[in-house]
Amino acid sequence: FSKEFEIIQADFFENRLVLTNEQASIFETILSYIASPDQLTFYRSLSLQGKGQYIIQFWKNMDNDPSTNENNYLDEIQKRFQYAKNRFSSLGINGWETDRGRICIKYGIPNQINQFSSEANTVPYEIWTYNEKRTYEFVFADLRSNGNYILLHSNREGEIYNNSWPEQIKKM
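From a predicted model like this one, the values you see are computed outputs, not experimental measurements.

Caption draft 1: View of the packing of helix α1 (residues 21-34) against helix α4 (residues 72-88). Orientation of α1 relative to α4, taken along the N-to-C sense of each, is 110°, at an axis distance of 13 Å. In terms of orientation, α1 lies roughly perpendicular with respect to α4. Residues I26, I30 and I34 of α1 lie in contact with α4, whose contacting residues are Y73, I77 and F81. The class makeup of the residues in the contact of α1 with α4 is 6 nonpolar, no polar and no charged.

Shown next, in the form of structure tokens:
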């Protein structure tokens with residue numbers, strides 16, 4: 001994949017960004033994780049030029065300290081994107097488009113990852129833990145033994161909740 005997420009920095013302070021269709025698609029994926037449904041719908045309605053301008057304004061609006069030249073929010077999202085790209089890409093699937101990539105970009109790199117890859121009676125699975133005001137867990141499993149872990153369960157609001165996930169990871 002030749003295009004990089006970092007292109008959002010290009011001409012950032014000149015308020016000009018021309019996107020390719022490929023780049024616009026990447027941004028749409030990222031926005032689907034971090035933006036509101038209304039913001040995402042609006043982005044989808046724009047031309048490529050409009051999408052470029054929208055992205056610049058979106059990052060500026062999300063900047064927690066606009067008085068500096070840095071945009072800490074943008075920097076953090078880029079860090080998460082690169083982590084997802086480098087760690088979760090497999091079988092022609094971009095890391096940021098996987099369930100683990102989505103969770104990583106949306107909530108950050110977890111405080112703890114417990115990997116269970118060699119248990120006799122289960123498929124490989126991972127439990128990610130985030131320690132915030134509450135402790136949140138995300139359970140991912142490689143149900144098809146192809147390296148693509150899917151989200152089976154989380155106790156975080158707005159995510160899939162499935163108390164029967166231990167049954168799903170048992171080998172047939």
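Now that the structure has been shown, we can carry on.
Caption draft 2: Region of the structure containing unusual backbone geometry. In this structure, L91 takes a positive phi of about 50° despite not being glycine. The topology assignment puts L91 in the loop between α4 and α5 (99-107). Judged by its relative accessible area of 61%, L91 falls in the exposed class. With a phi close to 55°, S145 is a non-glycine residue in the positive phi region. Under the relative-accessibility criterion, S145 is labelled exposed at 59%.

Caption draft 3: Quick look at the environment of Q112. Looking at where Q112 falls in the secondary structure, it is placed in strand β1 (residues 112-116). Sequence separation between Q112 and E137 is 25 residues, and the spatial gap between their C-alpha atoms is 9.6 Å. For Q112, the residues in contact, after removing those within four places along its chain, are I127, W128 and T129. Side-chain polar atoms of Q112 contact the side chain of N114, separated by 3.1 Å.

Caption draft 4: Representation of the pattern of salt bridges. Inspection of the entire model under this criterion finds 9 salt bridges. Two residues, R134 and E157, come together in a salt bridge whose shortest N-O distance is 2.6 Å. Of the two residues, R134 is situated in the loop between β2 (125-131) and β3 (135-141) and E157 in the loop between β4 (150-154) and α6 (165-168); the sequence distance between them amounts to 23 residues. The salt bridge involving K170 is made with E167; its shortest N-O contact spans 3.2 Å. Each of E76, K79 and R80 takes part in one network of salt bridges that share partners.

What counts and how
- Residues numbered from 1 in each chain as written.
- Predicted model: local features only at pLDDT ≥ 70, side-chain atom pairs only at ≥ 80, totals over all residues.
- Heavy atoms only, no water.
- Axes fitted to C-alpha atoms, helices over the stretch in contact; angles between N-to-C directions.
- Helix = DSSP H or I, 4+ residues; strand = E, 2+ residues; numbered from the N terminus.
- Parallel < 35°, antiparallel > 145°, perpendicular 65-115°, else oblique.
- Contact = heavy atoms within 4.5 Å.
- Nonpolar A, V, L, I, M, F, W, Y, C, P; charged D, E, K, R; others polar.
- Buried < 20%, exposed > 50% of the residue type's maximum accessible area, 1.4 Å probe, protein only.
- Polar contact = N/O pair within 3.5 Å; in protein donor to acceptor, adjacent residues only side chain to side chain.
- Salt bridge = Lys/Arg side-chain N within 4 Å of Asp/Glu carboxyl O.

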